[in-house]
Amino acid sequence: MKAVGVVVEYNPFHYGHAYHVSQAKKQTSSDVAIAVMSGSFLQRGEPAIVSKWARTKMALQHGVDIVCELPYIYAVQKAETFANGAVSILDALKCDSLFFGSEDGVISAFQRTAHTWHQKESEIDQLTKKKVKEGLSYPAAAASAFQEAIYPGKLLDLSKPNNILGFHYVKAILERSPHIQPFTSERIASHYHDKELPVHQKIASATSIRKALKEHNSFDVVTPYLPSATLHQLRSYQSTYGLFHTQEAYFSFLKHAFHTMNPEEIQEIYEIEEGIEYRMQKAMKHAVSYEEYLSLVKTKRYTWTRLQRMNTHLLMRVKKKAMHQLLDDKKAPYIRLLGMSKKGQQYLSLIKKELDVPLVSKLSSFSHPALDLDIRASRVFSLPICEPMQTNLTEAEFKTSPIRYDEESDLFHSQ
């Protein structure tokens, strides 16, 4: 059986994602699609709108055959670390290919750019550091350094979010997993950062869907843009837990962290550098919302996304030393299985004996410091939920076995 890997957040799963999965299988002639999905918190430092279990169900009902969790140590990270972690898991699962959406849509451009980057890596790194010191944000500095070190031509525009991630997927494949074949297709219709729902099409960005849900507090406005299975999971989650997760829901917990930690303690938190903690603490004294707080802290050098990740690491109390130790090993420490279809189960049975990374189905059977962070992330994620449902959600981390989906009956089963 051939397997194609996709790296996803499904926040929430929409028609664009369904197209992406179908194209992944079709263009790579694969039998199964394996999704490496971020857990409770996402790459931009935001909480997922609903739990990983709800998003796993959305994925399984729309063509994904295996869903695995991207550990926190990779999920809430800059593009390079995020991509390296995801590729290491897809490599461990014996994927033949990786399929991603991009603004460019031509895989040769990604391969050419990755090879060129590899040849000029030292020069690009030095230029990037120089430009960061001059005040540019890291993404802007890296893109500028690349353009300066290499003559402009048929290379990627590395200012586009999906091009950046795609480039790092291809770069990770080149460096660690050359047997994986990368594929890409151009993102259709809505773009990643589009904030408004489109008028004449049903493919909307996840950003615009979340924004509409928040502003209108109604499913009516987003119904045309979401598959029925996604709508069902969203309705069920809101009915059960009383909310959708947003940054604002964590503001009081973040404020508590700043009120109870001194600057020396905050300095130890992963990604907090160069005295930014003083600016953050000062802003927190005056801000009455998460958005106002970030607006007060944001600078040209410290982007909104970078600050969101810092704040999530602060909520999680993730220290620099601990994170660096966990990232020293370039290989994923485990594969956390969240769900599978019948075909996915068949695939895992075929490759199980070849796996050189532990496949974790039950938390009681495996222990690792990185997994401890995933568990902590689930507990922090649940904080805005009222009891007793808060405890019910955190206990699901231990009680929920990988979800099995039967396509014929459209039913879920516990293993």
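Keep in mind it's a predicted model, so treat the numbers as computed, not measured.

### Some words on helix α2 (residues 52-60)
Residue pairs three or four apart in sequence face the same way in an α-helix, which turns once every 3.6 residues.
Now for step 1: Taken across its 9 residues, α2 has 8 buried, putting it largely inside the fold.
Now for step 2: For α2, the full list of buried residues reads K52, W53, A54, R55, T56, M58, A59 and L60.

### Digging into the packing of aromatic side chains
Now for step 1: Evaluated as defined, the whole model comprises 12 aromatic pairs.
Now for step 2: Aromatic side chains W117 and F167 sit 5.0 Å apart centroid to centroid with 55° between the ring planes, which places their arrangement in the tilted category. Of this pair, W117 sits in helix α5 (residues 107-119) while F167 sits in helix α8 (residues 161-176), and the two are 50 residues apart along the sequence. Take W117 and F167: they sit in the same class, and that class is buried.
Now for step 3: Aromatic side chains Y237 and Y241 sit 4.6 Å apart centroid to centroid with 45° between the ring planes, which places their arrangement in the tilted category. Of this pair, Y237 and Y241 both sit in helix α10 (residues 228-241), separated by 4 residues, roughly a single helical turn.

### Digging into the nonpolar core
Now for step 1: In this structure, Y10, Y72, L93, L98, Y169 and Y293 are the most contacted members of the largest nonpolar core, which totals 137 residues.
Now for step 2: The contacts of L98, once residues within four sequence positions are left out, are V4, G5, V7, V87, L90, Y169, I173, I180, Q181, P182 and F183.

### Observations regarding the pattern of salt bridges
Now for step 1: Within the structure shown, the criterion is met by 13 salt bridges.
Now for step 2: E397 is the partner of K52 in a salt bridge, and the nearest nitrogen-oxygen pair spans 2.8 Å. With K52 in helix α2 and E397 in helix α19 (residues 389-399), the pair connects residues that are 345 residues apart, well separated along the chain.
Now for step 3: Put simply, R309 and E271 hold a salt bridge, and the shortest N to O gap is 3.6 Å. Separated by 38 residues along the polypeptide, R309 in helix α15 (residues 304-316) and E271 in the loop between α12 (263-267) and α13 (276-286) bring together distant segments of the chain.
Now for step 4: Counted as one network, the salt bridges with shared partners bring together K52, E69, R336 and E397.

### Describing helix α4 (residues 79-92)
Now for step 1: Between its terminal C-alpha atoms α4 stretches 20 Å, which fits the 20 Å expected from 14 residues at 1.5 Å a residue.
Now for step 2: α4 sits mainly inside the fold: 12 of its 14 residues count as buried.
Now for step 3: Taken together, the buried positions of α4 are A79, T81, F82, A83, G85, A86, V87, S88, I89, L90, D91 and A92.
Now for step 4: At the C-terminal side of α4, K94 shows a positive phi close to 65°.

### Quick word on the environment of L234
Now for step 1: In this fold, L234 is placed in helix α10.
Now for step 2: When the C-alpha positions of L234 and V50 are compared, they lie 7.4 Å apart, and in sequence the two are 184 residues distant.
Now for step 3: Aside from chain neighbours lying at most four places away, what touches L234 is P12, V50, M58, L213, F219, L226 and F244.

### Comments concerning the state of the cysteines
Now for step 1: Applying the stated rule across the entire model yields 0 disulfides.
Now for step 2: Left without a disulfide partner, C95 is nearest to the cysteine sulfur of C68, which lies 8.8 Å away.

### Description of empty space enclosed by the protein
Now for step 1: Applying the stated criterion to the full structure yields 2 cavities of 30 Å³ or more.
Now for step 2: Approximately 80 Å³ is the volume attributed to the largest cavity.
Now for step 3: Around the largest cavity, the lining residues are S40, S51, K52, W53, S378, F381, L393, T394, A396 and E397.
Now for step 4: Residue assignment for the lining of the largest cavity shows that the elements contributing at least two residues are α2, α18 (369-381) and α19.
Now for step 5: When residues of the lining of the largest cavity are assigned to their parent elements, the largest contribution, 4 residues, is made by α19.
Now for step 6: Among the residues making up the lining of the largest cavity, the classes are represented as 4 nonpolar, 4 polar and 2 charged.
Now for step 7: Reported here for the second largest cavity is a volume of approximately 30 Å³.
Now for step 8: For the second largest cavity, the full set of lining residues is G39, S40, F41, E69, Y72, D374 and A377.
Now for step 9: Its residues placed into classes, the lining of the second largest cavity shows 3 nonpolar, 2 polar and 2 charged.

Conventions used here
Note on numbering: residues in each chain are counted from 1, in written sequence order. The predicted nature of this model means local features are confined to residues of pLDDT at least 70 and side-chain atom pairs, given and counted, to a pLDDT of 80 or more, with totals for whole chains, interfaces and linings taken over all residues. Processing note: side-chain calculations cover all non-hydrogen atoms of the structure and skip hydrogens and water entirely. Only protein chains enter the area calculation, which uses a 1.4 Å probe; residues under 20% of their type maximum are buried, those over 50% are exposed, and those in between are partly exposed. What counts as a helix is a DSSP run of H or I of at least four residues, what counts as a strand is a run of E of at least two, and both are numbered from the N terminus. Aromatic pairing here means that ring centres of Phe, Tyr or Trp (its six-membered ring) are within 6.5 Å. Orientation follows from the plane angle: under 30 degrees is stacked, over 60 is edge-to-face, and everything else is tilted. Side-chain atoms within 4.5 Å link the members of a nonpolar core, which is a set of buried Ala, Val, Leu, Ile, Met, Phe, Trp, Tyr and Cys residues. Pairs of residues are marked as contacts when any of their non-hydrogen atoms sit within 4.5 Å. One speaks of a salt bridge when a side-chain nitrogen belonging to Lys or Arg is within 4 Å of a carboxyl oxygen belonging to Asp or Glu. What a helix is expected to span follows from its residue count: subtract one and scale by 1.5 Å. The definition used for a disulfide is geometric: two cysteine sulfur atoms within 2.5 Å. Using a 1 Å grid laid over the protein atoms alone, points where a 1.4 Å probe fits but cannot get out form a cavity; open sets with protein on both sides within 12 Å along at least 5 of 7 lines form a pocket; any residue with an atom within 4 Å of a point counts as lining. Grid points are joined across faces, edges and corners, and a volume is the space filled by probe spheres set on the points. Basically, the charged four are Asp, Glu, Lys and Arg, the nonpolar ten are Ala, Val, Leu, Ile, Met, Phe, Trp, Tyr, Cys and Pro, and anything else, Gly included, counts as polar.

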